[in-house]
Amino acid sequence: MGTWSIGTEIHNRLVEVYGPGVMSKQMVRRWCCTFSDGRQQVEDIPRAGQTHTATTDANVGKVDDMIRVNRRITIDEVAEELGISHERAQNIIHDIL
């Protein structure tokens, strides 16, 4: 069974368990290829010149305040409110706070 068909199989199982809102079939296939090529971790690999301009002390403080007001706030709501990416909002919540 090839990597593409394994990715399709994994995606079908994800949809069965979590519903249609899971990542796209193409993304699952891409991850399958990446791991079959030898990658062993899911964290982003740092790249030269990559800056995290959205991860400022001001934004961290705002996210902290937002969570204190509404502990059920979603990452997407935080990202939208601050005008930052989902990934940056997730980084602030999970890695910094």
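Residues numbered from 1 in each chain as written. Predicted model: local features only at pLDDT ≥ 70, side-chain atom pairs only at ≥ 80, totals over all residues. Heavy atoms only, no water.

Novice: Kindly report on the overall build of the protein, identifying the contributing residues and their values.
Specialist: From N to C terminus, the protein includes 5 helices and 0 strands. Starting at the N terminus and walking to the C terminus, you meet the elements of the protein as α-α-α-α-α. A total of 97 residues make up the protein; the buried ones form 22% of that total. The contacts in the protein between residues at least 6 apart in sequence include a share of 37% that link residues at least 24 apart. (Helix = DSSP H or I, 4+ residues; strand = E, 2+ residues; numbered from the N terminus. Buried < 20%, exposed > 50% of the residue type's maximum accessible area, 1.4 Å probe, protein only. Contact = heavy atoms within 4.5 Å.)

Novice: Account for helix H4 (residues 75-82), with residues named and values stated.
Specialist: Of the positions making up H4, those classed as buried are Ile75, Val78, Ala79 and Leu82. On an axial view of H4, the arc spanned by its buried residues comes to 95 degrees, and they lie on one face. Residues of H4 that are exposed and point more than 90 degrees away from the buried face comprise Glu80 and Glu81. Elements in contact with the buried residues of H4: helix H3 (57-69) and helix H5 (86-96). Of the residues one or two after H4, Gly83 is the one with positive phi, at around 70 degrees. (Arc of directions from axis to C-beta.)

Novice: Explain the environment of Cys33 residue by residue, including any values.
Specialist: Its place among the elements puts Cys33 in helix H2 (residues 25-36). Here the alpha-carbon distance between Cys33 and Gly7, two residues 26 residues apart in the chain, equals 8.4 Å.

Novice: Before we move on, could you go through the side chain of Thr8 and cite the residues and values that matter?
Specialist: By the element assignment, Thr8 lies in helix H1 (residues 3-18). When residues no more than four places from it in sequence are discounted, the contact partners of Thr8 are Lys25 and Arg29.

Novice: Any chance you could break down the packing of H3 against H5 for me, citing the residues and the numbers?
Specialist: One can describe the packing of H3 onto H5 by two numbers: an axis separation of 10 Å at closest approach and a directional angle of 75 degrees. One finds that H3 runs roughly perpendicular with respect to H5. Between H3 and H5, the contacting residues are Asn59, Val60, Val63 and Ile67 on the first element and Ile92, Ile93 and Ile96 on the second. Grouping the amino acids of the contact of H3 with H5 by side-chain chemistry returns 6 nonpolar, 1 polar and no charged. (Axes fitted to C-alpha atoms, helices over the stretch in contact; angles between N-to-C directions. Parallel < 35°, antiparallel > 145°, perpendicular 65-115°, else oblique. Nonpolar A, V, L, I, M, F, W, Y, C, P; charged D, E, K, R; others polar.)

Novice: Go over the confidence of the model for the protein, please, and point to the residues and values.
Specialist: Residues of the protein with pLDDT of at least 70 account for 88%, and the chain-wide mean is 86. Within the protein, the element-level pLDDT minimum falls on H2, averaging 87, and the maximum on H3, averaging 93. (pLDDT = per-residue confidence, 0-100.)

Novice: Report on the nonpolar core, specifying residues and quantitative values.
Specialist: Nonpolar side chains in soluble globular proteins tend to be buried together. In this structure, Ala54, Val60, Val63, Met66, Ile75, Val78, Ala79, Leu82, Ile84, Ala89, Ile92 and Ile93 together form the largest nonpolar core, which totals 12 residues. Listed by contribution, the elements that provide at least two residues to this core are H3, H4 and H5. Among the elements that take part in this core, H4 stands out by supplying 4 residues, more than any other. When residues no more than four places from it in sequence are discounted, the contact partners of Val78 are Val63, Met66, Ile73, Ala89 and Ile93. (Core = buried A, V, L, I, M, F, W, Y, C linked by side-chain atoms within 4.5 Å.)

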